[in-house]
Amino acid sequence: MTRHTHRIAIAPSGFKESLSAARVAEAIATGVRRVIPDAELDLIPLVDGGEGTAEALALAGGGRLVPVTATGPVGDPVASHFALLGGGTTPGPLTAVVEMAAVAGLALVPPDRRHPGATTTYGVGELIRAALDAGARRLLVGCGDSGTSDGGAGALQALGARLTDRHGRELRSGGGSLHELEHIDPSGLDPRLADTELLVACNPYNVLCGKRGVARVFGPQKGATPAEVELLSAGLERLAAVLTRDLAPAFAPAPGATAPDLRTAPGTGASGGLGAGLASVGARLLPRYDVLLDGLDLDARLARADFVITAEGALDHQTVRGKIPAEVARRARAAGVPVLVLAGTIGPGAQDVRAVGVDAYSAILPAPMTLVEAIGRSGEFLADASERAMRIMALGTRLPRLDPLAA
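So, a few notes on the structure that sits alongside this text. (Residues numbered from 1 in each chain as written. Predicted model: local features only at pLDDT ≥ 70, side-chain atom pairs only at ≥ 80, totals over all residues. Heavy atoms only, no water.)

## Examining the sheet that holds strand β3 (residues 64-71)
Definition in use: Strands are labelled as partners when DSSP assigns at least two bridges between them. Strands are runs of DSSP state E lasting at least two residues, helices are runs of H or I lasting at least four, and both sets are numbered from the N terminus onward. With axes taken as lines fitted to C-alpha atoms, and helix axes fitted only over the stretch in contact, angles between N-to-C directions fall between 0 and 180 degrees.
The six strands are arranged β3-β4-β5-β6-β9-β10 in an open sheet whose pairing can be described as mixed. Taken across any chain shown, the strands that pair with only one partner, and hence form the sheet edges, are β3 and β10 (284-287). This sheet shows a mean twist of 30° between the axes of neighbouring strands, independent of strand direction. The pairing of strand β4 (residues 77-85) with strand β5 (residues 95-99) spans three bridges and is classified as antiparallel. By the bridge assignment, A83 is partnered in β5 with V97.

Below, the structure is given as structure tokens:
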């Protein structure tokens, strides 16, 4: 009789400021093999538009990374990049992937300078222009892990728009000045934008304004005080109004299409409002997994597995709002495959993930420690946590089945 080989799909996200999704998958695989050496493992590292997206899509699509020095989120030059896919062999226009986290991510903001009222997306616009210079006429902008809250104002300035106050002075960088915005002059915008397909891969749960607006939800994580959150919220409200009046009409949607409401349309709050800024110049805001998972055949690969392990840095109330473990669990549940989530930390609301198909979750840290130590040893902890989880599962399969109705 042939013994069944365990088929395990490992489909994690990366751990911010620590491990790429590929390295997370490898660490989990190491722990699994300690318990089941002959397991058939399918490693499926996933990206959500944040850190590592350009590199991952370049590897998956036979492309390459193009190095660029651009303006970082605090105004200093940073070594960044974008990806060109296909090397010219793919039919259709040359495609570039611009990862906003590679030039305006939170990891690029020093801890003592985390003031989202001052950080800028200017470098994102510079990367877009560099991709256009390289010949790309189809641009995919990945949103996630941002350190900004300027509504994409900086990116628009880098692309040639003038944002001025009531005195005609150019606005200073950052979302903290947006409440002073009076006018946007689109006459200097890069004319190549009109002939470019601009796609933004974003979390549709993130909106620009309102009670669940991006400044209120993510501003505190980026260093904003309660007073600064309100100032940022007011500035993004003002930006949406002026974008709608001065800029969006120049990029009217195709006949039959409807222009998005820049205040509340899904994805407008992506990356501190970058989604709204790019939508105002004709970008289409798309659910990130519809774009980023294309070509991975993820549903079929999950369905072939006996068991799925996914992971992320922090499991909490935000996980169900479009994070990778929730997406993986939703797809795995449709195929009837159980799911385990491993997380760096577990926070309030983590239990909500059961509603989307997660069967169990566990933190990887073995003891209290500093953040620096946790980040430095995360690969080791992931492997050990995976081993522990597999040993517990192996023990469970040896227990006699208990009849819950027995007296």
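## Brief notes about helix α2 (residues 53-60)
To keep things clear, this is the line we draw: For each residue, the accessible area found with a 1.4 Å probe, counting protein chains only, is set against the maximum for its type, and the residue is called buried under 20%, exposed over 50%, and partly exposed in between. As used here, the arc is the angular range of directions from the helix axis to the C-beta atoms.
Taken residue by residue, α2 has T53, A54, L57 and A58 as its buried positions. Along the axis of α2, the buried residues cluster in a sector spanning 130°; they form a single face. Along α2, the residues that are exposed and aim more than 90 degrees away from the buried face are L59 and A60.

## Here we look at the environment of E230
Within the fold, E230 resides in helix α7 (residues 226-247). With 190 residues separating them in the primary sequence, E230 and E40 have C-alpha atoms 51 Å apart.

## Description of the pairing of strand β6 (residues 138-142)
Of all five residues in β6, four are buried, a share of seventy percent or more. In the sheet, β5 pairs with β6 via five bridges, with the strands oriented parallel. The residue bridging T95 from the neighbouring strand is R138, located in β6. Summarising the sheet, β6 and strand β9 (residues 197-202) pair through five bridges and their orientation is parallel. Note that in β9 the partner of R138 across the bridge is E197.

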